[in-house]
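# Descriptive structure summary
Spelled out, the chains give:
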Amino acid sequence: PSLLTALGVRHALTRTGKRAFFEVLVWDAAALSLLGFAQIIGGAQFPYWTEMPHAPHFFSTFGYPNMGGSFFTLSYALSLGLWAFRMSEVEDIPLVPQEGEKTITHTFIHAHYSVIAVALNLSAILATLSRAAMVLSLLLTAVFALYIVARMFGTTGMERVRRFRSALTAGIALLAFVVAVWVYAPPEIGRELKTLNLFSLSDRVSGKGQYHTSIASAIMRDYPLFGVGGWGYRHFSPVYLANRGKEPFQVTGGANVHNDYLQFLAELGVVGFGLLVACVVLLASPTVRAWKSLAQAAINAQWKRFGSSFVVLFIVAPPILWGMLGCVAVLIHAFGDCPFRSAAVLSLFLTTLPALPGYLSRMPHKHK
């Protein structure tokens, strides 16, 4: 279903349709965030379908913190891109509108209504209690702050004034949210953040201290081409572990390797994993090719608005940059957890990539 939806977004939607779909993804995540907070206010218990004796923390429709955290991290990046794009639309309004040109009314609302989705998706990340998602969202927030400030220095005159006003508004909004979290966030969030350090992050990514990495590697060596089948790890890992006769089997969460790349290789083999990589490359390639061509054309034309090192960041519309950064965040998260084992994360990831070309104002050609 995720691949079919991605094909539909890529081939059945116009540029306007892809933009609309992108915004639907942002507000769909915001709605799921609202659902989660409604559950918290209503005192909802863990979903009834679980059979685990010690159920983990859940939020919204996600029964596993890191899957929910990864979903909302990508959604947060998309909402940042939408916010920056709406600000740029208002900033680029000509001082003397051309006859027949569509004008934007209520410019402040148009520029900053997306901050609602930004706040909801970032709040959802914290509510999932996913430490990896918290770190990634913190990095995205810091990069976004630098991005908004840097945009001012490539302009002059009234455009710089408009961008300064946008940057100031964005800075105040982000600062207000940080203060609100600092004052009102529950103690669970602080406890999770205190457990973060460089050693714990490296251990999680490397799989040190857990048997899953070595077991998955052993399965890969025995079944290199086609693996042991989808979610075969949950059936084969107890057998491999019993043959070693050392560690006890992990009951809760032991069905996954907590490294999606190793798990895909163990279950689908080199052939299946290669096909998955090919799908992602084919979905991302139109945007990447156009992005590269636009940046090269701007560098060749000695684009004056920004230095050549910043052309890559500013030559495309913000949703493209932040959509790609969000996808990269999920790919990084997959090294130390299992976000792609969630259909929600997989669908969001695979449909984001084909929606991004909707924000290309033109498709560059080599002969131009």
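Here the structure is shown first, and the text comes after it.
The paragraphs below set out a description of the structure included in this document. Within each chain, residue numbers correspond to sequence positions counted from 1 in written order. At least 70 in pLDDT is required for a residue's local features to be given in this predicted model, at least 80 for side-chain atom pairs to be given and counted, and no such filter applies to totals for whole chains, interfaces and linings, which use all residues. The side-chain figures draw on all heavy atoms in the structure; neither hydrogens nor water molecules are used.

## Notes on the overall build of the protein
Secondary structure elements follow DSSP: runs of H or I no shorter than four residues count as helices, runs of E no shorter than two count as strands, and numbering proceeds from the N terminus. Of the regular secondary structure elements, the protein holds 15 helices and zero strands. Summary of the burial criterion: residues with accessible area below 20% of their type's maximum are buried, those above 50% are exposed, and those between are partly exposed, where the area comes from a 1.4 Å probe applied to protein chains only. Within the protein, buried positions represent 44% of all 368 residues. By the convention used here, residues are in contact when the closest approach between their heavy atoms is within 4.5 Å. Look at the contacts in the protein between residues 6 or more apart in sequence, and 77% of them connect residues 24 or more apart. Method for areas: the Shrake-Rupley scheme with a 1.4 Å probe, in which residue coverage is limited to the protein chains shown. In the structure as shown, the protein presents an accessible area of about 19400 Å², 68% of it carried by carbon and sulfur atoms.

## Section: the nonpolar core
F71, F72, W83, F144 and F349 are the most contacted members of the largest nonpolar core, which has 72 residues in total. Core analysis: the second largest hydrophobic core is formed by twelve residues, Y211, Y233, Y240 and V257 among them. For the purposes of this section, nonpolar cores are sets of buried Ala, Val, Leu, Ile, Met, Phe, Trp, Tyr and Cys residues that join through side-chain atoms within 4.5 Å.

## Considering helix α1 (residues 2–12)
If you check which residues of α1 are buried, you get S2, A6 and V9. Within α1, the buried residues cover an arc of 60 degrees as seen down the axis, which keeps them to one side. Residues L4, H11 and A12 are exposed on α1 and point more than 90 degrees away from its buried face. Looking at the buried side of α1, the elements it contacts are α2 (15–42), α12 (260–300) and α15 (343–355). To obtain the arc, one takes the directions from the helix axis to the C-beta atoms.

## As for the pattern of salt bridges
One side chain can pair with another of opposite charge once the charged atoms of both are near each other. A side-chain nitrogen of Lys or Arg and a carboxyl oxygen of Asp or Glu constitute a salt bridge if their distance falls within 4 Å. Applying the stated criterion across every chain, the model contains three salt bridges. Note that E23 and R86 form a salt bridge whose closest N and O atoms lie 2.8 Å from each other. Taken as a pair, E23 in helix α2 and R86 in helix α3 (residues 65–91) lie far apart in primary sequence, 63 residues in all. This pair shows no difference in class: E23 is buried, exactly as R86 is. The residue E267 makes a salt bridge to R341 at a minimum N-O spacing of 2.9 Å. Of this pair, E267 sits in helix α12 while R341 sits in the loop between α14 (318–333) and α15; the two residues are 74 residues apart in sequence, bridging distant segments of the chain.

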